[in-house]
Amino acid sequence: MNSSNNIVIPTKNQKCIVNTDLDGIFSGLILHNTLNWEIVGFCDSAESIWIDKNRCNNLKECTFIDMFVHPEDIRCIDQHIISVDEEHINLLSQNKNKLNPNLINKRSFLPNKSYYKKYPFGTVHFIIAWLERNGVNVEIDLLNNVSDDIKIADLLLRADDTFQTSTYSNYVDNAQEWWLWLEKFSNKGKMTMKLKDYIFELKNKKTKTQLTKIKQTIADLLKSKPFYCDSPDGGYKSETSLGSIFLKPNVKEYINFIADRADLNCFNLDFSFSILKGNAKRISLTSMQMQNIKEGHFDKNLFSYAFVRSNRKSNSFSYTLMEYTNLQ
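Residues numbered from 1 in each chain as written. Predicted model: local features only at pLDDT ≥ 70, side-chain atom pairs only at ≥ 80, totals over all residues. Heavy atoms only, no water.

**Topic: the side chain of His125**
Inference 1: Along the chain, His125 turns up in helix 4 (residues 123-133).
Inference 2: Side-chain polar atoms of His125 contact the backbone oxygen of Leu156, separated by 2.9 Å.
Inference 3: A polar contact is formed between the side chain of His125 and the side chain of Thr162, at a distance of 3.3 Å.
Inference 4: Other than its neighbours up to four places away in sequence, His125 contacts Tyr119, Leu156, Leu157, Ala159, Thr162, Leu182 and Leu195. (Helix = DSSP H or I, 4+ residues; strand = E, 2+ residues; numbered from the N terminus. Polar contact = N/O pair within 3.5 Å; in protein donor to acceptor, adjacent residues only side chain to side chain. Contact = heavy atoms within 4.5 Å.)

Encoded structure:
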């Protein structure tokens, strides 16, 4: 990936590691279909990375999708709050290896009201807008049926709770502002506009009870036979559920199912995994620790982090320590 005006532009034939939930799977499928990106592994945004050494020899070859990765020389596309103050957001936004709507819009950093300002959607919705901004066409028939009661649009908008955030949450006003930002950022990209129109039509036509039922129907579908996802957003969280060496048959069926319903070509699911393990923690940060993060002195093994709630609340800082140089 190259940089233009501090905003990364998409290039073809990259390698990436995606999250194991709907956000990551949709992101991987779209990047595979539009730019021929190769999915070389998965991550759970906590302590585990599943990676195929036959496809990737070094993490510096990869782009992490939907997880902020702290080392400056590893690429990532995510949407989390990762800066402690305005100076920090300006520093991070200069790194061509980090692509994040909060960095581009410079709207969100740690202050207590940040969650009323942060980007509130999935990484996949940002990726779609980013691709369209750069003239890359994204083709998904949003009205394809997933089941009798669910369209592919509903599944795509379930990623990172975009559906609820945009229709009946405490952050609806912020969501509306960010939909307008995505519209502008994408240069009124066709798929971005369709998603925006779909969500606002739902908001205007359905009650909160009806919208809540759609979300529950999606959860029931994903967590039951034959997919057996661990979480209602379609995630797998452990070697037991995802697979320790190969993807389990139900996980393959799940990814193939999403690809089929979205009319997208599925990426190669014949992985041979090695698992990298870190130590995931949540703490409340002191002012000194925030300064250390900004200056790069928090911990030499800091691999990933995000501010997951207002810093007025306990355990607002989620991070993972992991020793790594390459995959040997």
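From this point, the discussion proceeds with the structure in view.
**Things to note about the pattern of salt bridges**
Inference 1: Considering all chains together, one arrives at 14 salt bridges under this definition.
Inference 2: Residue Lys294 is joined to Glu87 by a salt bridge in which the shortest nitrogen-to-oxygen separation is 2.9 Å. Linking Lys294 in helix 12 (residues 287-295) with Glu87 in helix 2 (residues 86-92), this pair joins segments that are 207 residues apart in sequence.
Inference 3: Note on Lys294: relative accessible area 15%, which makes it buried.
Inference 4: Here Asp270 and Lys252 are joined by a salt bridge, their closest N and O atoms 3.1 Å apart. Of this pair, Asp270 sits in the loop between helix 11 (249-261) and strand 9 (273-277) while Lys252 sits in helix 11, placing them 18 residues apart in sequence. (Salt bridge = Lys/Arg side-chain N within 4 Å of Asp/Glu carboxyl O. Buried < 20%, exposed > 50% of the residue type's maximum accessible area, 1.4 Å probe, protein only.)

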